[in-house]
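# Descriptive structure summary
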Amino acid sequence: MPRKSHTLISMVTALFSLCLVCSTPFQAAATSVNPATPQPSSKKSPGSNSGTSPFSPNVVNPSTPAPVGPVESGGGHTPSPYAPWPVGKFRAHVIDGRTLQPLATAEVVIIETEQRLRTDADGYTPWVDVPVLRNPRYRPLVQELHGQLGAIAYKNGYRDSIHLGIRMHEGYHTETTIWMYRIGPGDVRIEPVLYEVPYHHLWLVELADRFRSKDQPGEGAERP
Amino acid sequence: MKRYLLTIFSLFTAGCGTAIAAPPAAATQTVFNTPTPSTVQVAIRENNPNGEPDPRGKIVWVQTVPFEEYCKDVLPNEWMPSWSPESLKAGAMAVKMFAWYHHLHPITIGGLTFDVDNTTNFQSFRYLSGQVDTNQAVEAIRPLAFTLPSGDIMELNYRAGYRNNPNWQYRNAQKMSQWGSEYWAQRGRTYLQILQFYYMDRSLFQVP
């Protein structure tokens, strides 16, 4: 019985891994990292050769040396432990939400990789490589058109600012503007400010069309 | 005789009155006599509970945005920044001509006058959301306009269309398919060929 359940778990894991591996999407040719590159895996059994096997999860143990993606000159960042994922370039522009002036020396943390970046005098962080992560639960249904990334900006005297759902594209440069709000004397309950980037509407159109039935078409299929 | 004179006089005055009361013939707005707008008035609609601007939401305020910045803040929200450069340029032209036309035809709702709003009622706009690749596309078509051969400024409409498909039905409707623009760009078409495929009887003009 335990053997059967182990087999079942392996099959489910395999299916899930396959989804993750296949989620290399759309512009895979533009990426500088080959998703089929063997990856170190903390669950690798002796003799098995790799993360290319759909039976090993596409997860890298951060404590093991990871293949490093292309390092941006001048970026000065720590290589991401998620380098086997498709990567894109990312930077944040941090501004004061009231005056729209750039904020220097703010710290921006990329949630998925825990990379810490600091803004320059113009409010920009350096360009860094970040993973392009798509939500795996949507993969079998409709391929997402962009990955999503989260970032938190900190600066003394300002509310923390959390940005979620930043649209990422593998092999492309993505920039996001983070608004921060100064803490005033009247602020008694100070909590982070959240901004969620909405899904691109082209994907929403596809998603709705994907499940439309003939007997209840709603607004109907996309048309001119 | 006197009555005839009076009749003639009254007809004359009536004619003059009509001529004065009639609105002057509207000068056609062409790329030759209309400069590219410097700003766009964008109505910002309230967000739905998910934080996304609601196309049916109340207009909260009207934001004045520099014209090119408006185009840069629309393009990544209408086209995918990872698409081919020629598709992005075709999109940049459509976004620009759409905004230009509506700048010349503002509307007033609830006492607020604006050119466009920030939702898919017009074009999806997110302030300061420009991306490197889409900004380059907007800058590449900056000195150009794509409109009627007479130069009359007309909007270029577009819709999503279907992936991996030339979307011929959109050509028939004289609307560009966004997915179709990427389809043709991947097959080596230039942005001008893409525009000419979807919009018939249009010409490319140099604008100051």
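Here is what the cut-offs are and how they apply
Residues numbered from 1 in each chain as written. Chains lettered and ligands numbered in written order. Predicted model: local features only at pLDDT ≥ 70, side-chain atom pairs only at ≥ 80, totals over all residues. Heavy atoms only, no water. Pairing = 2+ DSSP bridges. Helix = DSSP H or I, 4+ residues; strand = E, 2+ residues; numbered from the N terminus. Axes fitted to C-alpha atoms, helices over the stretch in contact; angles between N-to-C directions. Core = buried A, V, L, I, M, F, W, Y, C linked by side-chain atoms within 4.5 Å. Buried < 20%, exposed > 50% of the residue type's maximum accessible area, 1.4 Å probe, protein only. Contact = heavy atoms within 4.5 Å. Parallel < 35°, antiparallel > 145°, perpendicular 65-115°, else oblique. Left-handed = near helix turned anticlockwise from the far one by under 90°. Nonpolar A, V, L, I, M, F, W, Y, C, P; charged D, E, K, R; others polar. Buried area = accessible area lost by both parts, 1.4 Å probe. Salt bridge = Lys/Arg side-chain N within 4 Å of Asp/Glu carboxyl O. Polar contact = N/O pair within 3.5 Å; in protein donor to acceptor, adjacent residues only side chain to side chain. pLDDT = per-residue confidence, 0-100.

## Notes on the sheet that holds strand β7 (residues 173–180) of chain A
Residues and elements named next belong to chain A. Strand order across the open sheet formed by three strands is β4-β1-β7, with mixed pairing between neighbours. Edge positions in the sheet fall to β4 (128–131) and β7, since each has one partner strand and no second. Neighbour-to-neighbour, the strand axes of this sheet turn through a mean angle of 45 degrees, independent of strand direction. Sheet topology note: the strand β1 (residues 87–96)/β7 ladder contains eight bridges and is parallel. Its bridge partner being in β7, R91 is matched across the sheet by E175.

## Topic: the nonpolar core
In this structure, B:Y70, B:W79, B:W100, B:M176 and B:Y199 are the most contacted members of the largest nonpolar core, which totals 60 residues. The element contributing the most residues to this core is helix α3 (residues 85–104) of chain B, with twelve residues. With residues near it in sequence (within four places) discarded, B:Y70 still touches B:V40, B:V42, B:V65, B:A99, B:V116, B:Q123 and B:F125. Core analysis: the next-biggest nonpolar cluster, separate from the first, contains 20 residues, A:A92, A:V128, A:A153 and A:I166 among them.

## Notes on the packing of helix α2 (residues 67–78) of chain B against helix α4 (residues 132–140) of chain B
Residue and element names in this part refer to chain B. Across the interface, α2 lies against α4 with an axial gap of 9 Å and an inter-helix angle of 135 degrees. By the angle between their axes, α2 is oblique relative to α4. Judged by the sense of rotation from one axis to the other, the crossing of α2 with α4 is right-handed. Note on element contacts: α4 touches α2 through T134, N135, A137, V138 and E139, opposite E68, C71, K72, L75 and P76. Taken together, the residues that form the contact of α2 with α4 break down as five nonpolar, two polar and three charged.

## Points about the interface of chain A and chain B
Between chain A and chain B, the contact holds 30 residues from the first and 30 residues from the second. For the chain A and chain B pair, buried surface summed over both sides reaches about 2,600 Å², with 55% attributable to carbon and sulfur atoms. On inspection of chain A and its partner chain B, the count reaches one salt bridge. Across the salt bridge formed by B:R163 and A:E206, the nearest N and O atoms sit 2.8 Å from each other. Our enumeration of links across chain A and chain B arrives at 16 residue pairs in polar contact (both at pLDDT 80 or more).

## Remarks on the pairing of strand β2 (residues 107–110) of chain A
Residue and element names in this part refer to chain A. Here four bridges tie β2 to strand β3 (residues 115–118), and the two strands are oriented antiparallel to one another. Following the sheet pairing, E107 is matched in β3 by R118. In terms of strand pairing, β2 meets strand β5 (residues 147–154) through four bridges, oriented antiparallel. Across the sheet, residue E107 finds its bridge partner in β5, namely Y154.

## Observations concerning the pattern of salt bridges
All names here are of chain B. As enumerated under the stated definition, the model contains 13 salt bridges over all chains in all. Note that R142 and E68 form a salt bridge whose closest N and O atoms lie 2.6 Å from each other. In this pair, R142 is assigned in the loop between α4 and β6 (144–147) and E68 in helix α2, connecting sequence segments 74 residues apart. By relative accessible area, which is 44% here, R142 ends up partly exposed.

## Some thoughts on the pairing of strand β6 (residues 161–168) of chain A
Residue and element names in this part refer to chain A. In terms of burial, β6 is a largely internal element, six of the eight residues being buried. Of the pairings in the sheet, the one linking β5 to β6 comprises six bridges and is antiparallel in character. Considered in β6, the bridge of I152 is made with I162. Linking β5 back to β6 in an antiparallel pair, the connection comprises six residues, with G157 at a positive phi of about 90 degrees. Pairing geometry for β6 and strand β8 (residues 193–196), over four bridges, is parallel. Paired with H163 across the two strands is Y195, which belongs to β8.

## Some details on the environment of A:I162
Residues and elements named next belong to chain A. Inspection of the secondary structure puts I162 in strand β6. Counting along the chain gives ten residues from I162 to I152, while the straight-line C-alpha distance between them is 4.4 Å. With near-sequence residues (within four places) excluded, I162 lies in contact with A151, I152, P192, V193, L194 and Y195.

## Things to note about the sheet that holds β2(A)
Residue and element names in this part refer to chain A. The five strands are arranged β3-β2-β5-β6-β8 in an open sheet whose pairing can be described as mixed. Edge positions in the sheet fall to β3 and β8, since each of these pairs with one other strand and no more. Averaged over all pairs of adjacent strands, the angle between their axes in this sheet comes to 25 degrees, without regard to strand direction.

## Some words on the confidence of the model for chain B
Residues and elements named next belong to chain B. Model confidence for chain B is summarised by a mean pLDDT of 90, while 88% of its residues fall at 70 or above. Below pLDDT 50 for its whole length, residues 5–24 participates in zero contacts with residues either more than four positions away or in separate chains. Scoring of the predicted complex yields 0.76 for pTM and 0.83 for ipTM.

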